[in-house]
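Architecture and fold: a report
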Amino acid sequence: MWLLIFLVCLLICAGSTYWYLFGKPSPFSLNSVRPPAPREFDQKKRDKVIKQGFSVDKVPKNLDVIVIGSGIGGLTAGATLAKAGKKVLVLEQHDQAGGCCHTYIEKGFEFDVGLHYIGQLHENSLLRIAFDQISEGQLEFHQLDQHFDTIQIGLGNEKREYTIYCGKTEMKAHLMKQFPDDTEAIDKFFKIMKISAKKTHYLATLKLIPQWVSLFLLKSGIADLISPVFRLSGTCATDFVNTLTSNKDLHTIFSYFFYGVPPKDSSVLMNALMIHHYKRGAYYPKGGASEIPFHIIRTIQKYGGNCLVRAPVSQILVNEEGAAYGVKVRKGQEEVEIHAPVVVSNCGIFNTFQKLLPPEIQAKPDIQQRLNMMKHGRGSLLVFSGFDGTKEELDLVSTNFWLFKDNDMDKSMEDYFGLSREEAPDNIPMIFITVPSSKDPEAKIRHPGKSCMTILTMVNYEWFEQWKDTTVRKRGDEYYNYKMRFAKNLFDWACTVFPKIKDKLVFQDVATPLTNMHYLGAQHGAMYSAEHNLERFHAEAVAKNRCNTPVKNLYISGQDVFSNGIAGALHGGLLCACAVLDRIIYIDLLLLKKKLKRRKARELAKLAQKKLQ
């Protein structure tokens, strides 16, 4: 009798699991991917997609989902939901869509504002399959040189230069050549990279299964028996690398992707993942970063949705039962209500909970608890420079440069962020240099004879806070002179790497945290959104920080869900779609990956047969 009951229960569980995984149609399919169409160079036609202004008559009828914010996280969630049969409206407060993937053109120069390079886009990778699905095969990526990053540590005669190569075996081997006395330390770090890359999906799973199950697995110790990744995610990067080597230059290389958090406050898993991300190559979108929103929006439109800009959301509507049911959009002096049964916020957890929710909802303990899990991220300052001359004439390359004044990142970052407003511009400890016109092979078609460069560093929002109530491009001489002090020092440092650019500079623009707040809607000007500190990546915090919110029918997408960067935000969008659809769509992506591998194997077999004939 008991055996019969057990078998019945087992059958019910198996049937429920099968229905959950396969009972609903997948939003993804091989048939939806088609060969890329010719590049659209007509800016007016492009603007009809990425700069379509808000008006009530452009809002689709019978909406299923409203997405606030058109960054890659919002667009990924929107396109995935659209392909699952939902009618989606994306609302963007800026005058063009794309978030950190948008570009802007000024004086004949085109600048990317947030996308500098992407990894893990080799054939049949999960990220590549995801991009192919949400753009339906229309995005093309150019693989950059094998030498994709250069790291310089020190100044003048004390400067040391290290080069980072991609390649499954070449990355480690090349690093070992440069540090022959630390091969064991490098080998151990690369083992951590491998664990981090192969098992990160376990951390994502914590967000997809019921929260009580996740916390039980973690608190009981069962999770640690399954994989060391749960422990690694909460391991301090500085403490870990100190166990490997005393070489401070190598410490810097293990943590050289700075995102506003010193190594002592960051997760070794995060730092290892960032390096591993480029192990199989670094890529840049052909046609520029704006190709990404351009094609993903067209996918959303294909399935009956739309993306509208100049559509600032002023409030998320919440009914008496505590469920979200739409938004208010500012249109001139009026506010327009738009209703939908699901609202997805891609504008960051602080904007969502502190600005867009009604005050009585903001004050609820469960909302405050979610907010207390996060801290505001550091602001960014970017210098956009345009030059007369080709990359060949100016000796510009696709390789990125990371420059550090010394090899103690913890101390230099602590000292820098502790400086006064007046001291900061003359004591910048680290910068990042990227040349987008050298990465996109089609840049010379769109802007012949011109080159452009972006220089980035991290800054405190508080250094610029006194001008927060001023208007963009009308902030006054004091603000202009202050930001130009940063710009001059950053540009002079970049000229030590590319000396020919100094006399060819014809345009320069500077974006501060206030600029990022205005155009990107980034709280405190933090391009990477909430701070990516160690506390955030403890496994229990990962499990609790999920797309579902205490407000029914309101979901969070983007960088605040999982991690920073284009890939991190995209996965935030996929995780959000999982939550909305109540379906683990990663299984659908993995099934597609298997199909593609089988198809590739058949193609290779046919090719081999032809050679034998």
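For every chain, the first residue of its written sequence is number 1, and the numbers climb from 1 along that sequence. Restriction of local features to residues with pLDDT of at least 70 applies here, the model being predicted, together with a cutoff of 80 or more for giving and counting side-chain atom pairs; totals for whole chains, interfaces and linings are based on all residues. Hydrogens are left out, water is left out, and the side-chain values use all remaining heavy atoms of the structure.

This brings us to the pattern of salt bridges. A pair is scored as a salt bridge if a Lys or Arg side-chain nitrogen falls within 4 Å of a carboxyl oxygen belonging to Asp or Glu. Evaluated as defined, the whole model comprises 26 salt bridges. Measuring nitrogen to oxygen at the nearest pair gives 2.8 Å for the salt bridge that ties R39 to E442. Residue R39 is located in the loop between α1 (2–22) and α2 (43–50), and its partner E442 is located in the loop between α19 (436–439) and α20 (443–446); the two are separated by 403 residues in the primary sequence. Here R39 and E442 have matching classes, each one buried. The residue R160 makes a salt bridge to D249 at a minimum N-O spacing of 2.8 Å. With a gap of 89 residues between them, R160 in strand β8 (residues 160–165) and D249 in helix α11 (residues 248–254) connect regions that are remote in the sequence. Overlapping salt bridges bring together R39, R46, E140, E291 and E442 as one network. Labels follow the DSSP assignment, with helices taken as runs of H or I lasting at least four residues and strands as runs of E lasting at least two, numbered in each case from the N terminus. Each residue gets one of three labels from its accessible area relative to the maximum for its type: buried under 20%, exposed over 50%, partly exposed in between, using a 1.4 Å probe on protein chains only.

UniProt positions are given in the numbering used here, feature names are shortened, and annotations may be inferred rather than shown by experiment. UniProt records the feature "domain: Amine oxidase" (unreviewed entry) for residues 72–581 in the present numbering. Here residues 72–581 runs as 39% helix and 20% strand, with 19 Å between its end C-alpha atoms.

For the rest of this paragraph, the subject is helix α3 (residues 72–83). Between its terminal C-alpha atoms α3 stretches 16 Å, which fits the 16 Å expected from twelve residues at 1.5 Å a residue. Where burial is concerned, most of α3 is hidden: twelve out of the twelve residues are buried. A positive phi of about 100 degrees marks G85, the residue just after α3. Helix span is expected to be 1.5 Å times the residue number reduced by one.

All right, on to a positive patch on the surface then. Taken together, the side chains of K594, K595, R598, R599, R602, K606 and K610 present a region of like positive charge at the surface. Here K606 lies in helix α25 (residues 585–612). A residue counts toward a patch only above 30% relative accessible area and without a salt bridge, and it is joined to like-charged neighbours within 9 Å or, for Val, Leu, Ile, Met, Phe, Trp and Tyr, to nonpolar neighbours within 5 Å. Surface accessibility in these figures is a Shrake-Rupley result with a 1.4 Å probe; residues are shielded only by whichever protein chains are displayed. By the counting scheme adopted, Arg and Lys are positive, Glu and Asp are negative, and His together with the chain ends is not counted. A single reference atom marks each charge: NZ on Lys, CZ on Arg, CG on Asp, CD on Glu.

Looking now at the side chain of T515. By the secondary structure assignment, T515 is in helix α22 (residues 513–520). Counted as a polar contact is a pair of N or O atoms within 3.5 Å, where, for protein atoms, one must be capable of donating a hydrogen and the other of accepting one, and residues adjacent in sequence contribute only when both atoms are in side chains. At 2.9 Å, the side chain of T515 forms a polar contact with the backbone nitrogen of T512. In contact with T515, not counting residues within four places along its chain, are Y479, V510 and L520. Two residues form a contact once any of their heavy atoms are found within 4.5 Å.

Turning to the state of the cysteines, a few remarks are in order. Two cysteine sulfur atoms form a disulfide, by the criterion used here, when they sit within 2.5 Å. On inspection of all chains with the given rule, the structure shows zero disulfides. The closest cysteine sulfur to the non-disulfide-bonded C547 is located on C576, 4.9 Å from its own sulfur. Of the cysteine sulfurs around C578, a residue in no disulfide, the closest is that of C547, at 7.8 Å.

A few words now on empty space enclosed by the protein. Picture a little ball the size of a water molecule; that probe, rolled over the atoms, points out where space is still empty. A cavity here means a set of points on a 1 Å grid, drawn over the protein atoms and nothing else, where a 1.4 Å probe fits but cannot get out; a pocket is an open set with protein on both sides within 12 Å along at least five of seven lines, and a residue lines either one if it has an atom within 4 Å of a point. Grid points are joined across faces, edges and corners, and a volume is the space filled by probe spheres set on the points. A full pass over the atoms with the stated rule returns six cavities of 30 Å³ or more. Space inside the largest cavity adds up to approximately 140 Å³. Forming the boundary of the largest cavity are 18 residues, of which E110, S437, A443, R446 and C452 lie nearest the centre. Of all the secondary-structure elements, those providing two or more residues to the lining of the largest cavity are β4 (109–112), α19, α20 and β18 (450–459). Basically, the charged four are Asp, Glu, Lys and Arg, the nonpolar ten are Ala, Val, Leu, Ile, Met, Phe, Trp, Tyr, Cys and Pro, and anything else, Gly included, counts as polar. Among the residues making up the lining of the largest cavity, the classes are represented as seven nonpolar, six polar and five charged. The split into domains, and so the bounds of each, comes from an automatic or database assignment of domains. Split by domain, the lining of the largest cavity shows at least three residues from each of two domains, domain 1 (43–139 + 286–364 + 550–582) and domain 2 (378–527). Estimated volume of the second largest cavity: approximately 90 Å³. In this structure, the second largest cavity is lined by 13 residues; those nearest its centre are I164, L175, F190, I253 and I275. Counting only elements with at least two residues in the lining of the second largest cavity, the list comes to β8, α5 (170–178), α6 (183–208) and α11. In the lining of the second largest cavity, the residues fall into eleven nonpolar, two polar and no charged.

For two strands to pair, DSSP has to find at least two bridges joining them. Spatially, the seven strands line up as an open sheet ordered β8-β7-β16-β17-β18-β15-β19, and their pairing is mixed. At either margin of the open sheet sits one strand with a lone partner, and together these are β8 and β19 (505–511). For this sheet, the mean inter-axis angle between neighbouring strands, taken without regard to orientation, is 15 degrees. The pairing of strand β7 (residues 147–153) with β8 spans six bridges and is classified as antiparallel. By the bridge assignment for β8, H147 is matched with Y165. Against the sheet, helix α21 (residues 477–495) contacts β15 (379–388), β16 (400–404), β17 (430–434), β18 and β19, and its axis sits at roughly 125 degrees relative to β19. Structural elements are reduced to axes, namely lines fitted to C-alpha atoms, with helices fitted over the stretch in contact, and the angle between N-to-C directions of any two is expressed from 0 to 180 degrees. Across the sheet, α22 touches β15, β18 and β19, and the angle it forms with β15 is around 90 degrees.

How two helices sit against one another is set out by the angle between their axes and by the gap between those axes. Following both chains from N to C, one finds α2 and helix α13 (residues 291–302) inclined at 60 degrees, their axes separated by 9 Å at the closest point. With respect to each other, α2 and α13 are oriented oblique. You can see that α2 and α13 cross each other, and the crossing is left-handed. On α13, the residues that touch K45, R46, V49 and I50 of α2 are E291, P293, F294, I297, R298 and Q301. Orientation is classified from the angle alone, with under 35 degrees giving roughly parallel, over 145 giving roughly antiparallel, 65 to 115 giving roughly perpendicular, and any other angle giving oblique. Note on convention: the crossing is left-handed when the near helix lies turned anticlockwise from the far helix by less than a right angle, right-handed when the turn is clockwise.

With that settled, the discussion passes to the environment of A289. Positionally, A289 belongs in the loop between β9 (282–285) and α13. Under the relative-accessibility criterion, A289 is labelled buried at 0%. Setting aside residues no more than four positions away along its own chain, A289 makes contact with C101, T103, D112, L115 and Y284.

In this structure, the second largest pocket encloses a volume near 850 Å³. Looking at the second largest pocket, it is lined by 44 residues, and the ones nearest its centre are Y104, E106, R473, D509 and Y519. Elements with a minimum of two residues in the lining of the second largest pocket: α2, β3 (103–106), β15, α21, β19 and α22. Three or more residues apiece are contributed to the lining of the second largest pocket by two domains, here domain 1 (43–139 + 286–364 + 550–582) and domain 2 (378–527).

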